[in-house]
Amino acid sequence: MTGTLATIERKNPFRVILDFFKGIAVDFAEGGLFVKLSLLLMGAGYFRRGQIVKGLIMTVFQVVIIFFAFTFAAHYLSRFGTLGTVEFQPVFNPETMRNEFNDFDHSFQILLYGIISIIVLTGALFIYLKNIRSVRALEVRAKQGKRIPTFIDDIKSARDEKFYITLLALPCIGIVLFTIVPLVVMISVAFTNYDQLNMPPASLFTWVGLDNFKVLFSDSITDTFSYAFGIVLSWTLIWAFAATFSNYFLGIGLASFINNKNTRFKRVWRTMFIVPAAVPQFVTLLLIRNFFRDQGIANTIASDLGITDFLIRIGMVPAHLSYIPFLTDPTWARTMIILINIWIGVPFMMLIATGVLMNIPKELYESARIDGASSFKQFTKITMPYMLFVTAPFLVTQVVHNINNFNVIFLLTQDLYRTTDQMLSVSNAREVDLLVTWLYRLTQEQYDYKMASVIGIMVFIVSALFTLLAFNLIINRNKEDKFQL
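Presented here is a report on the structure given in the accompanying data block.

About the cut-offs
Residues numbered from 1 in each chain as written. Predicted model: local features only at pLDDT ≥ 70, side-chain atom pairs only at ≥ 80, totals over all residues. Heavy atoms only, no water. Pairing = 2+ DSSP bridges. Helix = DSSP H or I, 4+ residues; strand = E, 2+ residues; numbered from the N terminus. Axes fitted to C-alpha atoms, helices over the stretch in contact; angles between N-to-C directions. Parallel < 35°, antiparallel > 145°, perpendicular 65-115°, else oblique. Left-handed = near helix turned anticlockwise from the far one by under 90°. Contact = heavy atoms within 4.5 Å. Nonpolar A, V, L, I, M, F, W, Y, C, P; charged D, E, K, R; others polar. Salt bridge = Lys/Arg side-chain N within 4 Å of Asp/Glu carboxyl O. Buried < 20%, exposed > 50% of the residue type's maximum accessible area, 1.4 Å probe, protein only. Core = buried A, V, L, I, M, F, W, Y, C linked by side-chain atoms within 4.5 Å.

### Here's the deal with the pairing of strand β2 (residues 98-101)
No. 1: Note that strand β1 (residues 90-93) and β2 share four bridges and pair antiparallel. Directly across from Val 91, in β2, lies its bridge partner Glu 100.
No. 2: With antiparallel pairing between neighbouring strands as the criterion, β1 and β2 make up a hairpin whose turn holds four residues, including Met 97 at a positive phi of roughly 60°.

### Observations concerning the packing of helix α5 (residues 107-143) against helix α7 (residues 163-189)
No. 1: Close contact between α5 and α7 brings their axes to 10 Å; oriented N to C, the two are set at 125°. Taken together, α5 and α7 sit at an angle that is classed as oblique. Helix-helix and strand crossings are classified by hand; for α5 and α7 the assignment is right-handed. Contacts from Phe 108, Leu 111, Leu 112, Ile 115, Ile 116 and Ile 119 in α5 reach Val 176, Ile 180, Val 181, Val 184, Val 185, Ser 188 and Val 189 in α7.
No. 2: Residues belonging to the contact of α5 with α7 are distributed by class as follows: twelve nonpolar, one polar and no charged.

### A word on the pattern of salt bridges
No. 1: This structure, assessed with the given rule, holds 13 salt bridges.
No. 2: Between Asp 433 and Arg 430 there is a salt bridge, and its shortest N-O distance comes to 3.3 Å.
No. 3: A residue is classified by how much of its surface remains accessible, and Asp 433, at 0% relative accessible area, is buried.
No. 4: Via salt bridges that share partners, Glu 30, Arg 49, Arg 136 and Glu 139 belong to a single interconnected network.

### Details of the packing of helix α15 (residues 362-370) against helix α16 (residues 375-403)
In a packed pair of helices, the relevant descriptors are the angle between the two axes and the axis-to-axis distance.
No. 1: Interaxial distance between α15 and α16 falls to 11 Å at its minimum, and their mutual angle equals 150°. As far as their axial angle goes, α16 and α15 are roughly antiparallel. As for the relative orientation of α15 and α16, their crossing is right-handed in sense. Within the contact between the two elements, α15 uses Leu 364, Tyr 365, Ala 368 and Arg 369 and α16 uses Gln 378, Ile 382 and Thr 383.
No. 2: Here the residues of the contact of α15 with α16 are counted per class, giving four nonpolar, two polar and one charged.

### A short note on the nonpolar core
No. 1: Membership of the largest hydrophobic core comes to 51 residues, with the highest contact counts inside it found for Trp 239, Phe 292, Phe 326, Ile 340 and Met 387.
No. 2: For this core, the secondary-structure elements that each account for two or more residues are α9 (225-259), α11 (281-291), α12 (297-304), α14 (330-357), α15, α16 and α17 (406-413).
No. 3: Ranked by residues supplied to this core, first place goes to α14 with 14 residues.
No. 4: By size, the runner-up hydrophobic cluster in this structure holds 24 residues, among which are Phe 229, Ala 429, Leu 435 and Ala 452.

Just geometry here; none of it tells us what the structure is for.
Here it is in structure tokens:
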């Protein structure tokens, strides 16, 4: 290496796609009769080269895709532009003397199955075009007098040199089904009017373009989403950085304290701090919520010790209250959420930091002591630079994790915190909400799926932008060969 990280060649995705289609055009133009016939019958080129089994597989695949395209896909894609026009209506049948349902359209099914059809047909198109290149490669191989591989050879290849493709096939299908499809559906819902008033099957919903995004970013007397979004986004970012870096630095400090040679009973200290992490968060956070509620144990103790009266006198608690609003006042609740998260999160960071600290060469500290460096100087010049160098990617992922940290906020404040801000209440938001908890309550309480999808897109954009910027900064600055302790 030359003092910088090895440069990874990055190909322009548009250039890759262009080269792919260009290669197909060249293969088709230069190919023989059976290469061209493969456009009509996918197995034709394989039959010509004696690959009967592979030819049958590709032919069956083509028949299945054609059947799928003209039945299932055609049914839903023909309605995809409107998401349905026939509304649900009960129809009285005089013969059975009962209400029966008409052949109505289901907007969500049309959206879901339409997207699945597009993905399946796109994948089939790729295989169809890729088939031209494969058949052309067999033709070139035959002209060169090389042996044409049999179906058994293909199986052995899939088991040996191309085993990575075989191994990744099932996970890739799973990613498409359980990640890409739901993600595309969620993004698509943001461009519809899918909400409580347009709820299938009783009602239809349709495309509305960018109207939902205009609602989120424009002020209105009736729509307060813009106001709510600004407050919730600000708190989300404050929470993400405060929760991440408080746990990070306190965890490192705690690990340094326990690992210090002068600290006695190290196992006892580690055990004491690991106990909060050993109890499931679901149990811990619900117990803490009851502990700090307005009539909880914490307020009883504070009242008996005179702490509540003292806080009232200095103005930290409103005079009309007889308790400390730990989880019911915006400022108090936000502060308590961060402090409670410290108690829960520091043990995990302590364990990570302990492992990293054990790998720092002891000679560095010995040399620093000989040079007269104080303990604080050793910590700032040796411990922290090393920790930051090793754990920088972890910090980035933790910030993104805390942006989407649903458990802490929801379990501590649900059914306890009530907003007094009418504009926030109109948008079903609260001062302590993160974007992800706001999204959850929009779907579960208000059935406002369209705005929840818009907010979900915003969560993704915020997380993606931060991740890209942070990792680019890490890659540019974390140069191992230039790292000096």
